[in-house]
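# Observations on the model geometry
One-letter residues, chain by chain:
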Amino acid sequence: MRHLASSLLLASLSAFALAAQPIQYVESRKIFLLTTRDSSYAMGVDLNGELQHLYWGAALWRADDLPAAVPRRELSSFDPPAMLEREEFAAWGGTRYYEPALKLTRADGNRDVVLRYLSHTMHDNALDITLKDIRDDIQVVLHYRVYPDYGILERSATIVNRTAKPLMLESAQSATWNLPAGEGYQLTYLTGRWAAETQVNHEAIHQGMKVLESRKGHTSHNINPWFAIDAGDAGEDHGSVWFGALGWSGNWRITVEQTPYRQVRVTGGLNTFDFAYPLKAGESLDTPAFYAGYSAHGFGAASRLLHRFEREQIAPGGLTSRARPVLYNSWEATTFNVTEIGQKQLADTAAKLGVELFVMDDGWFGKRNNDRAGLGDWTVNPQKFPQGLKGLIDHVNSLGMDFGLWVEPEMVNPDSDLYRAHPGWAIHFPDRPRSELRNQMVLNLARNDVREYIFGFLDKLATENNIKYFKWDMNRPLSEPGWEDQPVTDQRKLWVDYVRNLYDILDRLRAKHPKLEIESCSGGGGRVDLGILRRVEEVWASDNTEAFDRLRIQEGFTQAYAPKFMSAWVTDVPNMNGRSTPLQYRFLVAMQGALGIGANLNKFSAEDTAMATKMVATYKRIRNTVQLGDLYRLYSPRNGDIAANQYVAPDSRQSVLFVFRHSQEYSTAPPAIHLQGLDPRALYRLESLDNKLVERQPQLSGAYLMQAGLNVTLRGDFDSTAVILEKVQ
Ligand code: DGJ
């Protein structure tokens, strides 16, 4: 009943918030109030013309309630007013000692910048506020975009050099987010490494600064550009959570800072490390989009806000995009040993299982028989594919499946015709070592000739063949980032221009081939962020396909990203860690995202085939719920021996519960699993995948399922089950 009452209250507040104008401006006190369904955000211009943050939290509806921004007084000569204020976008200048959002050097060496409000424009759900330096015509346009129905606010900045002289930018951030004044905040963030991505970290924020970043030229496996901050008391289903995610696939940085004045500030955008971006007179730089939101209902609700926003506002096609097909990928079955005959054989079996998209991975081109040669030579290997790709693609299509192809466009092996023809295209400093990783170097994609070369061969492949899907891989970070053809002042633009050109290629390819779908892979989850997600349908969350490890990787992944984008394969055992889990367990883990199969189908027994066929058919029944629905993380695989996730369809008619047990002890029964997100007054028909459901009643009410919970019988090691619930009309 308490739940019901609070959800009614929430509904009426949401209705208020939705009825409120998304952007309100009070001219008399120069206050801006931005409102979404779930949150409001406010700032105001003070008497000195500084843009001060005023509010970020649950939804408000009346801008007149907010106090005007007021300049602060000096606390001591060591604690100047600027340090006590909450500027929206502070440049480094005056008496500011915290992390600035902008830092630059003028041609004459002068580095002081103090920004004041100049003007603003509002249109639809967008607000642009222009700030200007107190002396020079250096302007910063702060872009705010409100997504009222999604609970998300987007910020970025354009730095404009309107002076007659060049400037060198040393820090160009997208936004600073100020939290309500207070102490006891906790930071949640995602860290990892290759094959161990998106591990959840949760720790107290203390005075000082925590830096989350990538210096590797791609988003990186090590830290993902997402954060959540709570007041120290939030859980999956309760408590205030402020969260944000950056849309940038290169060097990024998010600092989480607690000042000595109990102020927590989060500043993020382009990494300042090795950053120097020149702006000639009249030039400008746009910083990446930084999205953020607030949930009063815990980490689960925060994730659900982001998931829906990503699916409907970020991903290509948004609401009109199709559900992800069931995919087969050849990598773990054949590695580089791909041949037309071998791939056709795998395709025959994959089609029988119900696979819809057959993807041929690495090994099909140039002299690519191992990882020592071939990258850069994107022509079909005639020994392996005597008829070109056509023979295989026609066969795959005749089986009713689409065809997808692996590429790694940004890379080159020294043993390749491309490298022999263009050694200068590989990123390097002159007369210095060119470090190889996996025997490969990175092409300087910041160069426009490299960009055109890459666009050219991908366009040719997509034009000449019936390719519906590219798996775009990137198997090493950048290093020794020299760009010798550029003037010295421009060489470090590489970090930014590389990513710009990557986005440019993806955008042009998609425009020219509207039916083409793309997967972002970077040796697993090395390039997963909201910048790349604007341009791809799926991401490869990890090269680690071992199902138990995957549960934790997927738990972290879904903090920030929707299950629809999470490509997840069923592969052979023993797998990483030497671990063997049952085929059903592997399927149920992978069915919580975009299901794929990466096993060697030639080794499947009759039982495996029967199990796989059943699971693929089951997945097709529930995939709209998994991919488009709301995810409730009920039991974390990090705590105890049970993991459980529940998905509720957008129209609430179907729900699916997945439960896993990794090691039973003392014959203990699993706990009752309290479902969420159901209609308490509705009846649900229960369908157990494998008779492990203790409840024998064919139907139960939503209220009972949420309050009393469901019980399942899971025994021993790596047991699993799923229950499908259909709402009775
Ligand atoms: C790394 C990817 O993550 C794998 O799935 C596979 O595509 C290999 N590269 C191929 O080299």
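For the structure, see preceding data.
Criteria and thresholds
- Residues numbered from 1 in each chain as written.
- Predicted model: local features only at pLDDT ≥ 70, side-chain atom pairs only at ≥ 80, totals over all residues.
- Heavy atoms only, no water.
- Pairing = 2+ DSSP bridges.
- Helix = DSSP H or I, 4+ residues; strand = E, 2+ residues; numbered from the N terminus.
- Axes fitted to C-alpha atoms, helices over the stretch in contact; angles between N-to-C directions.
- Contact = heavy atoms within 4.5 Å.
- Near = heavy atom within 4 Å.
- Polar contact = N/O pair within 3.5 Å; in protein donor to acceptor, adjacent residues only side chain to side chain.
- Areas by Shrake-Rupley, 256 points an atom, 1.4 Å probe, with all protein chains shown as cover.
- Nonpolar A, V, L, I, M, F, W, Y, C, P; charged D, E, K, R; others polar.
- Parallel < 35°, antiparallel > 145°, perpendicular 65-115°, else oblique.
- Left-handed = near helix turned anticlockwise from the far one by under 90°.
- Buried < 20%, exposed > 50% of the residue type's maximum accessible area, 1.4 Å probe, protein only.
- 1 Å grid on protein atoms, 1.4 Å probe; cavity = no way out; pocket = protein on both sides within 12 Å on 5 of 7 lines; lining within 4 Å.
- Points joined across faces, edges and corners; volume = space filled by probe spheres on them.
- Domains from an automatic or database assignment.
- Core = buried A, V, L, I, M, F, W, Y, C linked by side-chain atoms within 4.5 Å.
- Phe/Tyr/Trp six-rings, centres within 6.5 Å; stacked < 30°, edge-to-face > 60°.

Let us now look at the sheet that holds strand E26 (residues 469–472). The parallel closed barrel is built from eight strands, whose spatial order is E21-E22-E23-E26-E27-E28-E29-E30. Put simply, the sheet's adjacent strands are angled 30° from each other on average, direction ignored. Sitting on the sheet, helix H6 (residues 390–398) is in contact with strand E22 (357–360) and strand E23 (402–407), with an inclination near 140° to E23. Docked against the sheet, helix H8 (residues 448–464) engages E23 and E26, running at close to 145° with respect to E26.

What follows covers the site of the ligand. Lining the immediate environment of the ligand, one finds 14 residues, of which Asp-361, Asp-362, Lys-471, Asp-473 and Asp-543 sit closest. A distance of 3.3 Å separates a nitrogen atom of the ligand from a polar atom in the side chain of Asn-475. Trp-540 has a polar side-chain atom sitting 3.5 Å from an oxygen atom of the ligand. Isolated, the ligand exposes 290 Å² of accessible area, and the fraction of that covered by the protein chains is 97%. Residue classes in the shell around the ligand are distributed as five nonpolar, three polar and six charged.

Following both chains from N to C, one finds helix H10 (residues 547–560) and helix H11 (residues 583–590) inclined at 15°, their axes separated by 10 Å at the closest point. With respect to H11, the axis of H10 lies roughly parallel. Pair H10 / H11 crosses with left-handed handedness. Residues Ala-547, Phe-548, Arg-550, Leu-551 and Gln-554 of H10 lie in contact with H11, whose contacting residues are Tyr-585, Arg-586 and Val-589. Partitioned by chemical class, the residues of the contact of H10 with H11 number five nonpolar, one polar and two charged.

For H6, the complete set of buried residues consists of Gly-391, Leu-392, Ile-393 and Val-396. Lining the buried residues of H6 we find helix H5 (340–353), E22 and E23. Where H6 terminates, the next one or two residues include Gly-400, which has phi positive at roughly 90°.

Summarising burial for strand E5 (residues 102–106): four of the five residues are buried, a large majority. The sheet contact formed by E5 and strand E10 (residues 167–178) spans five bridges and is antiparallel. Paired with Leu-104 across the strands is Leu-169, a residue of E10.

A full pass over the atoms with the stated rule returns nine cavities of 30 Å³ or more. There is about 90 Å³ of room inside the largest cavity. Considering the residues around the largest cavity, the lining is formed by Leu-551, Gln-554, Glu-555, Thr-558, Met-566, Gln-592, Leu-631, Arg-633, Pro-637, Asn-645 and Tyr-647. Elements that contribute at least two residues to the lining of the largest cavity include exactly H10, strand E31 (630–635) and strand E32 (642–648). Looking at the lining of the largest cavity residue by residue, the classes come out as five nonpolar, four polar and two charged. If you add up the space inside the second largest cavity, you get close to 70 Å³. Lining of the second largest cavity is provided by Leu-190, Glu-197, Thr-198, Ser-220, His-221, Ile-223, Asn-224, Gly-525, Val-528, Ala-541, Phe-557 and Tyr-561. Residue classes in the lining of the second largest cavity are distributed as six nonpolar, five polar and one charged. Counting contributing residues, the lining of the second largest cavity receives three or more from each of domain 1 (10–314) and domain 2 (325–543).

A separate point is the nonpolar core. Counting residues in hydrophobic clusters, the biggest one holds 186 residues, and the most contacted among them are Leu-102, Ile-129, Leu-169, Ile-229, Trp-364, Phe-587 and Phe-658. The greatest single-element share of this core, amounting to ten residues, is contributed by helix H9 (residues 494–512). Setting aside its immediate chain neighbours within four residues, Ile-129 contacts Phe-32, Met-43, Leu-51, Tyr-117, Ser-119, His-120, Val-140, Val-141, Leu-142 and Tyr-144. One finds Leu-634, Val-648, Tyr-684 and Leu-725 within the second-largest nonpolar core, a separate group that totals 22 residues.

Here we have four strands laid out as an open sheet, ordered E1-E2-E3-E4, and antiparallel in their pairing. Of all strands in the sheet, those bounded by a partner on one side alone are strand E1 (23–26) and strand E4 (51–58). Strand-to-strand twist across the sheet, computed as the mean angle between neighbouring axes with direction ignored, equals 15°. Relative to E4, strand E3 (residues 39–45) runs antiparallel, the two being bridged by seven bridges. Bridge pairing links Ser-40 to Gly-57 in E4.

Let us now look at the packing of aromatic side chains. The geometry of two aromatic rings is summed up by the distance between their centres and the angle between their planes. Scanning the entire structure with this criterion turns up 30 aromatic pairs. Here Tyr-150 and Phe-309 contribute two aromatic rings whose centre-to-centre distance is 6.2 Å and whose plane-to-plane angle is 65°, an arrangement assigned as edge-to-face. Taken together, the residues Tyr-150 in the loop between strand E8 (138–147) and strand E9 (152–161) and Phe-309 in helix H3 (residues 298–314) connect sequence positions 159 residues apart. Given the relative accessible area of 9%, Tyr-150 is considered buried. A centroid spacing of 5.1 Å and a plane angle of 70° characterise the contact between Trp-364 and Phe-365, whose relative ring orientation is edge-to-face. Both residues of the pair, Trp-364 and Phe-365, belong to the buried class.

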